[in-house]
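One-letter residues, chain by chain:
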Amino acid sequence: MSPPADRRALLRTTADKWLARLLERAEERVAPRRHLRPPGALPEMAFLAACTRCGGCAEACPPRAIRTVPADGGLAAGTPYLDPALQPCTVCPDMPCARACPTGALTPPAAGWEGYRLAALEFVPERCVTYDGLACGVCASACPRGERALVIDELGHPVLRAEGCVGCGACVRACITSPSSFVLGHQGKE
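Here we summarise the structure given alongside this text.

## As for empty space enclosed by the protein
Part 1 of the reasoning: Taken as a whole and assessed by the stated rule, the structure comprises 4 cavities of 30 Å³ or more.
Part 2 of the reasoning: Its boundaries defined by the atoms lining it, the largest cavity holds a volume of some 100 Å³.
Part 3 of the reasoning: Contributing to the lining of the largest cavity are 16 residues, with Cys51, Arg53, Cys54, Cys57 and Pro80 lying nearest its centre.
Part 4 of the reasoning: The residue inventory of the lining of the largest cavity, partitioned by class, reads 9 nonpolar, 6 polar and 1 charged.

## Observations concerning the pattern of salt bridges
Part 1 of the reasoning: This structure, assessed with the given rule, holds 3 salt bridges.
Part 2 of the reasoning: In this structure, the salt-bridge partner of Arg37 is Glu44, at a minimum N-O distance of 2.7 Å. This pair shows no difference in class: Arg37 is buried, exactly as Glu44 is.
Part 3 of the reasoning: Arg148 serves as the salt-bridge partner of Glu114, at 4.0 Å between the closest nitrogen and oxygen. In this pair, Glu114 sits in the loop between helix 4 (96–99) and strand 3 (120–123) while Arg148 sits in the loop between helix 5 (138–142) and strand 4 (150–152), placing the two residues 34 residues apart along the sequence.
Part 4 of the reasoning: Judged by its relative accessible area of 46%, Arg148 is partly exposed.
Part 5 of the reasoning: The structure contains a network of salt bridges with shared partners spanning Glu114, Arg145 and Arg148.

Rules used throughout
Residues numbered from 1 in each chain as written. Predicted model: local features only at pLDDT ≥ 70, side-chain atom pairs only at ≥ 80, totals over all residues. Heavy atoms only, no water. 1 Å grid on protein atoms, 1.4 Å probe; cavity = no way out; pocket = protein on both sides within 12 Å on 5 of 7 lines; lining within 4 Å. Points joined across faces, edges and corners; volume = space filled by probe spheres on them. Nonpolar A, V, L, I, M, F, W, Y, C, P; charged D, E, K, R; others polar. Salt bridge = Lys/Arg side-chain N within 4 Å of Asp/Glu carboxyl O. Buried < 20%, exposed > 50% of the residue type's maximum accessible area, 1.4 Å probe, protein only. Helix = DSSP H or I, 4+ residues; strand = E, 2+ residues; numbered from the N terminus.

Set out below in structure tokens:
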């Protein structure tokens, strides 16, 4: 690359990073509380702009896992979100919630659940009763993705398979420990 091209690339990279940080800061001010969105959600700011708060996704959700942000939720008021502590997403193969969205705020990913993540999930072994010698397996039984996402190893311990986990939160809710041995956090879509 020639020196002017190097400078243009550097300037473009710097500008992209600056814009990403600016958008992140704006998002924190506009929507300070992060909500776990239903499958196929646009990035948060675009989602807030596109969602008409029609409720179609919540009506189409078979397990009734989709809630709406209360009126005191600022710009997010009336938008759909998931609360795995109340009812986790059951990972419907055809994503009826996303298909019900008339605006594209929710759009089923082309590959469905393969490679898609609602959220990041972390296993905390120190909390798990199997590490105290107790038999369990409730988490693996509750996982809608089955062995693609969560298995019990030969020692009786849960093993999270990140490549198959979609971050639905079923294991978080099912876990018998308090706090849960699984922690759900937000992440960008893959």
